Amino acid sequence: MVSVKVYVEGGGDGRELRARCRRGFSSFFGKAGLVGRMPKIIACGGRQRAYDKFRAALAAGNERGFTVLLVDSEDPIAEGSECWLHLRMRDGWNKPDEATEDCAHLMTQCMEAWFLADRDCLEAFFGRGFNRNALPGNRNIEEVAKADVLDGLRNATRQCQPKGEYGKGRHSFEILSEIDPSKVQAASPHAERLIDTLRAKAQ
């Protein structure tokens with residue numbers, strides 16, 4: 001079996017938050033059918049650090065198996081644009097010589113957009129006071145701007161008790177562990193590409 005490592009944006013600078021990030025993604029990937037061939041999650045904090053660590057790992061020549069970079073796209077992805085092209089145009093990141101096209105994956109336009117694909121889970125998670133109507137109405141979650149995703153989550157949860165208003169570090173990875181990957185894949189072509197790639201590489 002090929003070992004797979006995912007260098008992911010998320011987890012900030014604290015050890016506990018990085019652990020929560022790893023648990024959240026592991027749960028999500030497990031429910032997506034990767035139990036028994038789970039990728040190793042490396043929570044890197046910010047997206048620039050994720051790219052730097054991904055690139056350094058490849059350059060060191062000690063990576064065995066398949067290595068993935070997973071970051072927010074931050075902005076819309078031009079129709080037909082490859083992930084590496086988007087990252088080069090937006091961030092000035094070049095594809096390392098050791099990487100292939102399927103090494104780069106994007107959460108479009110941010111990880112929280114995945115939550116919008118499973119609104120039932122959000123309502124169950126936050127409970128009393130949750131206002132589903134405050135979430136962005138566009139069901140094409142990849143078209144929803146990052147600011148609109150985060151504003152929608154905060155507005156939808158403002159009256160929730162006892163969990164309170166959505167907080168990125170406080171709630172994000174717990175929600176990630178509970179949402180339905182099949183709903184995310186159906187709503188996000190980039191999420192579907194990610195899961196399909198992980199399944200194919202971890203044979």
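Up top is the structure.
What comes next concerns the included structure. The structure displayed is predicted, hence computed values, not measured ones.

### Description of the nonpolar core
Here is step 1: Ranked by internal contacts, the top residues of the largest apolar core, which has 65 residues, are F25, F29, L69, W114, F115, L176 and I179.
Here is step 2: A total of six residues in this core trace back to one element, the largest contributor, which is helix α1 (residues 15-34).
Here is step 3: Discounting chain neighbours no more than four positions away, the residues touching F25 are V8, I41, L70, M107, M111, W114, F173 and L176.

### What about unusual backbone geometry?
Here is step 1: The peptide bond linking T108 to Q109 adopts the cis configuration, its omega dihedral lying at -5°.
Here is step 2: With respect to the helices and strands, the residue Q109 is situated in the loop between β4 (104-107) and α4 (119-126).
Here is step 3: Omega for the bond connecting Q161 with P162 falls within 30 degrees of zero, at 5°, which places this linkage in the cis form.
Here is step 4: By the secondary structure assignment, P162 is in the loop between α5 (146-157) and α6 (168-178).
Here is step 5: Notably, E74 is not glycine yet its phi reads approximately 70°, a positive angle.
Here is step 6: By the element assignment, E74 lies in the loop between β3 (66-72) and α3 (83-91).

### What about the pairing of β4?
Here is step 1: Burial along β4 is two-sided: A104 and L106 facing one way and H105 and M107 facing the other are all buried.
Here is step 2: The handedness of the β3 to β4 crossover, carried by α3, is right-handed.

### What about α6?
Here is step 1: All buried positions along α6 are accounted for by H171, S172, F173, I175 and L176.
Here is step 2: On the buried face of α6, the contacting elements are α1 and α4.

### Some points on the packing of α4 against α6
Here is step 1: Relative orientation of the contacting elements α4 and α6 amounts to 125°, with a least axis distance of 10 Å. It follows that α4 is oblique to α6 by the angle criterion. Crossing angle aside, the handedness with which α4 passes α6 is right-handed. Facing C121, L122, F125 and F126 of α4, the residues of α6 in contact are H171, E174, I175 and E178.

### A short note on the pairing of strand β1 (residues 4-8)
Here is step 1: Burial analysis of β1 places four of its five residues in the buried class, which makes it a mostly covered element.
Here is step 2: As judged from the five bridges shared by β1 and β3, these two strands associate in the parallel manner. Bridged to K5 within β3 is T67.
Here is step 3: As paired elements, β1 and strand β2 (residues 40-43) share four bridges and run parallel to each other. The residue of β2 that forms the bridge with K5 is K40.
Here is step 4: For the segment spanning β1, α1 and β2, crossover handedness is right-handed.

Definitions and cut-offs
- Residues numbered from 1 in each chain as written.
- Predicted model: local features only at pLDDT ≥ 70, side-chain atom pairs only at ≥ 80, totals over all residues.
- Heavy atoms only, no water.
- Core = buried A, V, L, I, M, F, W, Y, C linked by side-chain atoms within 4.5 Å.
- Buried < 20%, exposed > 50% of the residue type's maximum accessible area, 1.4 Å probe, protein only.
- Helix = DSSP H or I, 4+ residues; strand = E, 2+ residues; numbered from the N terminus.
- Contact = heavy atoms within 4.5 Å.
- Right-handed = clockwise from strand over helix to strand, strands pointing away.
- Axes fitted to C-alpha atoms, helices over the stretch in contact; angles between N-to-C directions.
- Parallel < 35°, antiparallel > 145°, perpendicular 65-115°, else oblique.
- Left-handed = near helix turned anticlockwise from the far one by under 90°.
- Pairing = 2+ DSSP bridges.

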